[in-house]
Amino acid sequence: LSSLQNSGSGSISVRSNIAGGVLVGDVGAANGHIGLDSTTSLRLVQGTSDIDAPSGNVSLNGPTTIAGAVEITAAGLGEGEVTFNSTVDGAAASTGALTVTASGWTTFSNDVGGGATLNMLSVNGVTRLAGNQILTGNGIDLGVLFIMNPSEAILIDAGVGAVVASDNTTDFDGVDDLTLPGS
């Protein structure tokens, strides 16, 4: 998938079962939602895989691999959610820098960095964590953090970097076991 741009209204939806996954190019929908689905993997690569939905939501439905610096943006009144409905990993250990900017929620429905750590994860907005771990090699900024499954053990490890949850509004009431080993 080289590049998809929709400058009008309407959503972009791509579904694939290609062995080896889908290499995602730049995707933009000026006035709609973006949905990328793969049963194998979605591969996002620096310089070719930025995703922009200035008036809609972004949904990645399949294991997602990040190589290099990738940005995902979603905004809009009553819109602006970014959802990762499967795992998110680096292409190799401590590679891949993911920046997500959303006017609504950014939801990680599964583990981040469990297969191969990202180098860095930054969320500008509000993060909902439904997975059990976020692992990076060099820093995590989650914005305002909400933990969706507080009865489970949660590991957030930024390697040699810092773990940041902005605004001191993070509420960990009811969290069974939260580990933040980053320095």
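Report on the accompanying structure. Because the structure is predicted, anything quoted here is derived from the model rather than measured.

Thresholds applied
Positions within a chain are numbered from 1, following the residues in the order the chain's sequence is written. Local features in this predicted model are restricted to residues whose pLDDT is 70 or higher, and side-chain atom pairs enter the listing and the counts only when it is 80 or higher, whereas totals over whole chains, interfaces and linings include all residues. To get the side-chain values, take all heavy atoms of the structure and skip hydrogens and water. A run of H or I in DSSP becomes a helix once it reaches four residues, and a run of E becomes a strand once it reaches two; helices and strands are each numbered from the N terminus. Exposed residues in this analysis have more than 50% of their type's maximum accessible area, buried residues have under 20%, and partly exposed residues fall in between, with area computed by a 1.4 Å probe over protein chains only. Contact definition: two residues touch when any of their heavy atoms are within 4.5 Å. Here the open area of atoms and residues is found with the Shrake-Rupley method and a 1.4 Å probe, where only the protein chains shown may cover a residue. Two strands qualify as a pair provided DSSP detects at least 2 bridges between them. Aromatic rings from Phe, Tyr and Trp, taking only the six-membered ring of Trp, are treated as a pair when their centres fall within 6.5 Å; an angle between ring planes under 30 degrees marks them as stacked, one over 60 as edge-to-face, and anything in between as tilted.

We now examine the overall build of the chain. Summing up its helical and strand segments, the chain has zero helices and 20 strands in all. Every one of the 183 residues in the chain was classed for burial, and the buried ones make up 43%. Residue pairs at least 24 apart in sequence account for 33% of intrachain contacts in the chain once pairs closer than 6 positions are excluded. When the accessible surface of the chain is totalled, it reaches about 7,800 Å², and 50% of it is carbon and sulfur.

Where strand E13 (residues 97-108) lies against strand E14 (residues 120-129), nine bridges are found, and the strand directions are parallel. Bridge pairing links Thr 99 to Ser 122 in E14. In this structure, E14 lies alongside strand E16 (residues 140-141), joined through two bridges in parallel fashion. The residue bridging Leu 121 from the neighbouring strand is Ile 140, located in E16. For E14 and strand E17 (residues 144-147), the ladder comprises four bridges, and the chain directions are parallel. Bridge pairing links Thr 127 to Leu 145 in E17.

Take the packing of aromatic side chains next. Applying the stated rule across the entire model yields two aromatic pairs. Here Phe 84 and Phe 108 contribute two aromatic rings whose centre-to-centre distance is 5.0 Å and whose plane-to-plane angle is 5°, an arrangement assigned as stacked. Here the residue Phe 84 occupies a position in strand E11 (residues 82-84), and Phe 108 occupies one in strand E13, the gap between them amounting to 24 residues. Both rings, one in Trp 105 and one in Phe 146, keep their centres 5.3 Å apart while their planes meet at 75°; by these two values the pair is edge-to-face. Of this pair, Trp 105 sits in strand E13 while Phe 146 sits in strand E17; the two residues are 41 residues apart in sequence, bridging distant segments of the chain.

So, on to the environment of Gly 25. Relative to the assigned elements, Gly 25 resides in the loop between strand E3 (22-24) and strand E4 (26-31). Judged by relative accessible area, which is 3%, Gly 25 ranks as buried. Gly 25 sits 26 residues away from Ile 51 along the chain, and the two C-alpha atoms are 8.4 Å apart.

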